[in-house]
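Given next are the chains, with one letter for each unit.
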Amino acid sequence: QVQLVESGGGLVQAGGSMRLSCLDSGRTFSDYGIGWFRQAPGKEREFVATISRGGGYTRYADSVQGRFTISRDNAKSTADLQMNNLKPEDTAVYYCAARTSKVVAVSHLEDKYEYWGQGTQVTVSS
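Here is what the cut-offs are and how they apply
Residues numbered from 1 in each chain as written. Predicted model: local features only at pLDDT ≥ 70, side-chain atom pairs only at ≥ 80, totals over all residues. Heavy atoms only, no water. Disulfide = S-S within 2.5 Å. Helix = DSSP H or I, 4+ residues; strand = E, 2+ residues; numbered from the N terminus. Buried < 20%, exposed > 50% of the residue type's maximum accessible area, 1.4 Å probe, protein only. Pairing = 2+ DSSP bridges. Axes fitted to C-alpha atoms, helices over the stretch in contact; angles between N-to-C directions. Core = buried A, V, L, I, M, F, W, Y, C linked by side-chain atoms within 4.5 Å. Contact = heavy atoms within 4.5 Å. Phe/Tyr/Trp six-rings, centres within 6.5 Å; stacked < 30°, edge-to-face > 60°.

(A) Region of the structure containing the state of the cysteines. Taken as a whole, this structure holds one disulfide when the rule is applied. Each sulfur of the disulfide joining cysteine 22 and cysteine 96 lies 1.9 Å from the other. Of note, the bridge from cysteine 22 to cysteine 96 carries an S-S torsion of about -70 degrees and is left-handed in sense. Taken together, the residues cysteine 22 in strand β3 (residues 18-24) and cysteine 96 in strand β9 (residues 92-99) connect sequence positions 74 residues apart. Taken individually, cysteine 22 and cysteine 96 each receive the classification buried, so the pair is uniform in this respect.

Shown next as C-alpha cells:
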C-alpha cells in the first residue's frame, strides 16, 4: 500500500527557491512512477512533473520546464521537486501522486495516478 506525504511547502518571494519532498511510508516505492501536480485557487489541478520508477525518464509541464527539477531516491522512498526562480503564478497546493503502470514510463495524465498525498501549500509573493 502506498501512503504519500508531502512536505517542504511555505511562503517564498518571487525569484526564490523551494524544495518539496514526497515520502512513501510503504515498502514498494520503486514500483511506482511519481508525479507532482498542483491546484491554484479557482483552477483545476494541473500536471507539473513526473519521473519514472527507476528515475531514468522525466517530463515537465511547459510552464515549469527549466525551472523545476524532479528527482527520486528509491532507497529512501522519497521523490523531490526542486523549484527555482519561483513566480507568483506558481502559487498552489502541490500534490504528490503515484502510478503503478509498468508499460508507460511517464504520464502527465491525472487519471493514471492511483495514490495521492494530502498536498502542501506553496505561496510565492511578488
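Anyway, onward from the coordinates.
(B) Fine view of the sheet that holds strand β1 (residues 4-7). Pairing in this open sheet of four strands is antiparallel, and the strands run β1-β3-β8-β7 from one edge to the other. Pairing within the sheet leaves two strands with one partner each, and these edge strands are β1 and β7 (68-73). The mean inter-strand angle of the sheet, taken between neighbouring strand axes irrespective of direction, is 15 degrees. Sheet topology places β3 next to strand β8 (residues 78-83); six bridges connect them, and they run antiparallel. In the sheet register, methionine 18 faces β8, and the bridge partner there is methionine 83.

(C) Focus on the nonpolar core. Counting residues in hydrophobic clusters, the biggest one holds 33 residues, and the most contacted among them are Trp36, Leu81, Met83 and Tyr94. If you list the elements that add at least two residues to this core, you get β3, β4 (33-39), β5 (46-51), β7, β8, β9 and β11 (120-125). By residue number, the principal contributor to this core is β9, which donates five residues. What leucine 81 contacts, discounting residues up to four positions off in sequence, is Met18, Arg19, Leu20, Trp36, Val48, Ala49, Phe68, Thr69, Ile70 and Tyr94.

(D) The arrangement of the pairing of β8 in detail. Here β8 lies mainly inside the structure; six of its six residues are buried. Alternating positions in β8 separate into two faces, Thr78, Asp80 and Gln82 on one and Ala79, Leu81 and Met83 on the other, with burial throughout. As paired elements, β7 and β8 share six bridges and run antiparallel to each other. Bridge pairing links phenylalanine 68 to methionine 83 in β8. Between β7 and the antiparallel strand that follows it, β8, lie four residues; serine 77 among them carries a positive phi value of about 55 degrees.

(E) Here's a closer look at the packing of aromatic side chains. On inspection of all chains with the given rule, the structure shows six aromatic pairs. Plain terms: the ring middles of tyrosine 32 and tyrosine 115 are 5.8 Å apart, the flat faces sit at 90 degrees to each other, and that makes the pair edge-to-face. Of this pair, tyrosine 32 sits in the loop between β3 and β4 while tyrosine 115 sits in strand β10 (residues 115-116), and the two are 83 residues apart along the sequence. Since its relative accessible area comes to 22%, tyrosine 115 is described here as partly exposed.

(F) Here's a closer look at unusual backbone geometry. In this structure, serine 77 is a non-glycine residue whose phi angle is positive, near 55 degrees. At asparagine 85, a position not held by glycine, the phi torsion is positive, near 50 degrees. Along the chain, asparagine 85 falls in the loop between β8 and β9. Exposure remark for asparagine 85: the relative accessible area of 42% places this residue in the partly exposed category.

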